[in-house]
Amino acid sequence: MGILVPGAGVIGLTARPKAGVVLIGTGGTIAGRGASPVNTSAYDCSVLSIDDILADLPAAASIADISAEQLFQSGSENFGSAQLLQLGKRISSLLKRDDVDGVVVTHGTDTIDETAYFLHLTLKSAKPVVVVGAMRPPSALSSDGPLNLYNAIVVAASPLAHGKGTLVVANDEIHTARDVVKTSTFKQEAFRSPYGPLGYIVEGKPVFYRLPARPHTVESEWSIDEIDVLPEIGIVYAHGGMNDSMVRAMLDSGVKALIYAATGNGNVATSVVASLVDARARGIHVVRGSRTGGGMVIRNAAQPDDHYDWLVTDDQVPHKARILMMLALTGEHNARTLQNAFLTY
Ligand code: SIN
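Quick caveat: nothing in here was measured; it's all calculated off a predicted structure. (Residues numbered from 1 in each chain as written. Predicted model: local features only at pLDDT ≥ 70, side-chain atom pairs only at ≥ 80, totals over all residues. Heavy atoms only, no water.)

## Here's the deal with the sheet that holds strand E5 (residues 102-106)
Within a sheet, neighbouring strands are paired by backbone hydrogen bonds and run either parallel or antiparallel to one another. What the eight strands build is an open sheet, ordered E4-E3-E5-E6-E7-E8-E11-E12; its pairing is mixed. In this open sheet, the two edge strands, each paired with only one partner strand, are strand E4 (64-70) and strand E12 (205-208). If you compare each strand with its neighbour and ignore which way they point, the axes differ by 25 degrees on average. Bridging between strand E3 (residues 19-25) and E4 involves seven bridges; their strand directions are parallel. Bridge pairing in E4 places Ile24 opposite Glu69. (Pairing = 2+ DSSP bridges. Helix = DSSP H or I, 4+ residues; strand = E, 2+ residues; numbered from the N terminus. Axes fitted to C-alpha atoms, helices over the stretch in contact; angles between N-to-C directions.)

See below:
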């Protein structure tokens, strides 16, 4: 049972003046440093520690009681299942503590949407978890790092963020981990949710306008505390003039499923269909997605999925469909439960 303290968090039975927020540093541009202030895109990533970053943000101490720890120090392009599991388990144990009201993860932006979605589906707590990055290193003119981090702490400390799952904060916006995607190599407004952000941070205060519609965290069927291994899943990116060589190369790679990032609404070139049928015959699940970045792929529309025993991603982008498929393949599953996972989450 918690007490709602205006401006702080839902905190334990002993009311504390400020929410307790733990920062976990993992590297990325938010921990980067360039040779000059105009190096907004060319710089060294993952060189500043989480303590260095926090030391440059004294204003954060007024928001919450903050402690910080360094879990990784790497570009997020290097994160795989081992990092997802280690990070998720660490956050899970922190969220069980009465003195922790929220967690902020500083993270590279390249795969921030994948990590956030993984946490959104596997953490068993209503406490806010905010994943935050930056498009410009702190050494650059008009770096977005300090304000993004400040805003992330504001959200993690806020009772308004409770029960909304894992959030990604960037550029004054609060996104649900389910929807957010990185959409630019360099712009500060790189993060987009196809249905819009959940809200904004305005003058140091979070303002929410909508809620995540699909189940997450305490309502999802996966718990980070019960997952120790994640299956390998491959993605094949379709293009004009496509042949079956990439799909065939994957058949012997040990993947348990293959996300086919198809053209348009999940169209599969005639030259590729037989290789995907072979994949399924060899026990590899085939998931039709779309490379367009928007809209859903409808089951049995562009291809006869029932006939081939294929699946569709609904509206999830291929790289996040991979995260969901990894989880859906843990534990008992069949074609129906796998398809339901895409239609549910
Ligand atoms: C990374 O994802 O680690 C590098 C890029 C970034 O943080 O923006």
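There's more to say after this.
## Observations regarding helix H4 (residues 145-156)
In a regular helix each residue adds 1.5 Å, so twelve residues correspond to 16 Å; H4 covers 16 Å between its end C-alpha atoms and thus fits that length. Of all twelve residues in H4, nine are buried, a share of seventy percent or more. Along H4, the residues classified as buried are Gly145, Asn148, Leu149, Asn151, Ala152, Ile153, Val154, Val155 and Ala156. (Expected span 1.5 Å × (residues − 1). Buried < 20%, exposed > 50% of the residue type's maximum accessible area, 1.4 Å probe, protein only.)

## Section: the nonpolar core
Within the largest apolar cluster, 50 residues are counted, with the highest numbers of intra-cluster contacts made by Ile91, Val103, Phe118, Leu119, Trp222, Leu324 and Met325. In terms of domain composition, this core takes at least three residues from each of domain 1 (3-219) and domain 2 (232-344). Residue contacts for Leu324: discarding those within four places in its chain leaves Tyr117, Leu121, Trp222, Ala341, Phe342 and Tyr345. Formed by 31 residues, the second largest nonpolar core is a distinct cluster that contains Leu54, Ala64, Val155 and Ala161. (Core = buried A, V, L, I, M, F, W, Y, C linked by side-chain atoms within 4.5 Å. Domains from an automatic or database assignment. Contact = heavy atoms within 4.5 Å.)

The values are spatial; any link to function lies outside them.
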